[in-house]
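Below, each chain spelled out in residue letters.
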Amino acid sequence: QVQLVESGGGLVQPGGSLRLSCAASGSFVRNDIYAMGWYRQAPGKQRELVAAIIRFGITRYADSVKGRFTISRDNAKNTVYLEMNSLQPEDTAVYYCNAGRDVGMGSWGQGTQVTVSS
């Protein structure tokens, strides 16, 4: 069983930056967190993939965040990060961490609010 705990959300002005972290804990094997990623859900919208990274470093990004967001992971710490730069109001959402044997599968974190507003 994988537990995921996110941190790093908050309020930021347009053009600002935030860094999200998500640490996996519990009883699991490495393949249980082969893929780790970040999703977000804005009010009235469906949850969408923001970025994902597999254990060997291959990444995937939503078109809307390419060039602004960077996903990375520390396999020794079972932690995934999301560096968010040039944030815009449309990035406002609850951001969820996900970890599993493939992108979008497995466990979810409780979510962390990111609000971009002046």
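Read on for a plain summary of the structure. These numbers come from a predicted model, not from an experiment.

**Topic: the overall build of the protein**
Secondary structure summary: the protein contains zero helices and eleven strands in total. For the protein, whose C-alpha radius of gyration is 13 Å, the value lies close to the compact-globule estimate of 13 Å for 118 residues. Across its three principal axes, the protein shows a C-alpha extent of roughly 45 × 25 × 25 Å. Going through the 118 residues of the protein one by one, you find that 42% of them count as buried. In the protein, the share of contacts with a sequence separation of at least 24, taken over all contacts with a separation of at least 6, comes to 53%. When the accessible surface of the protein is split by element, carbon and sulfur atoms take 47% of a total near 6,200 Å².

**Considering the pattern of salt bridges**
Tallied over the full model, the rule gives six salt bridges. For the salt bridge of Glu-83 with Arg-19, the shortest nitrogen-to-oxygen distance reads 3.7 Å. Linking Glu-83 in strand E8 (residues 79-84) with Arg-19 in strand E3 (residues 18-26), this pair joins segments that are 64 residues apart in sequence. A salt bridge links Asp-32 to Arg-101, with the nearest nitrogen and oxygen atoms 3.0 Å apart. Residue Asp-32 is located in the loop between E3 and strand E4 (35-41), and its partner Arg-101 is located in the loop between strand E9 (93-100) and strand E10 (107-108); the two are separated by 69 residues in the primary sequence. Judged by its relative accessible area of 21%, Asp-32 falls in the partly exposed class. Here the residues in one salt-bridge network are Arg-40, Glu-48, Arg-68 and Asp-91, joined through shared partners.

Each value, and the rule that gives it
All residue numbers here refer to positions counted from 1 along the written sequence of the relevant chain. Only residues with pLDDT of 70 or above have their local features reported here, since the model is predicted, and side-chain atom pairs are shown and tallied only from 80 upward, although totals for entire chains, interfaces and linings are computed over all residues. Note that the side-chain values use all heavy atoms of the structure and ignore hydrogens as well as water. Only DSSP runs of H or I with at least four residues qualify as helices, and only runs of E with at least two residues qualify as strands; both kinds are numbered from the N terminus onward. It is over C-alpha atoms that the radius of gyration is taken, and the globule rule equals 2.2 Å times the number of residues to the power 0.38. Only protein chains enter the area calculation, which uses a 1.4 Å probe; residues under 20% of their type maximum are buried, those over 50% are exposed, and those in between are partly exposed. The contact definition used throughout considers only heavy atoms, calling two residues in contact when any of these lie within 4.5 Å. Residue-level accessible areas treat just the shown protein chains as cover; the underlying method is Shrake-Rupley with a 1.4 Å probe. Salt bridges are counted wherever a side-chain nitrogen of Lys or Arg sits within 4 Å of a carboxyl oxygen of Asp or Glu.

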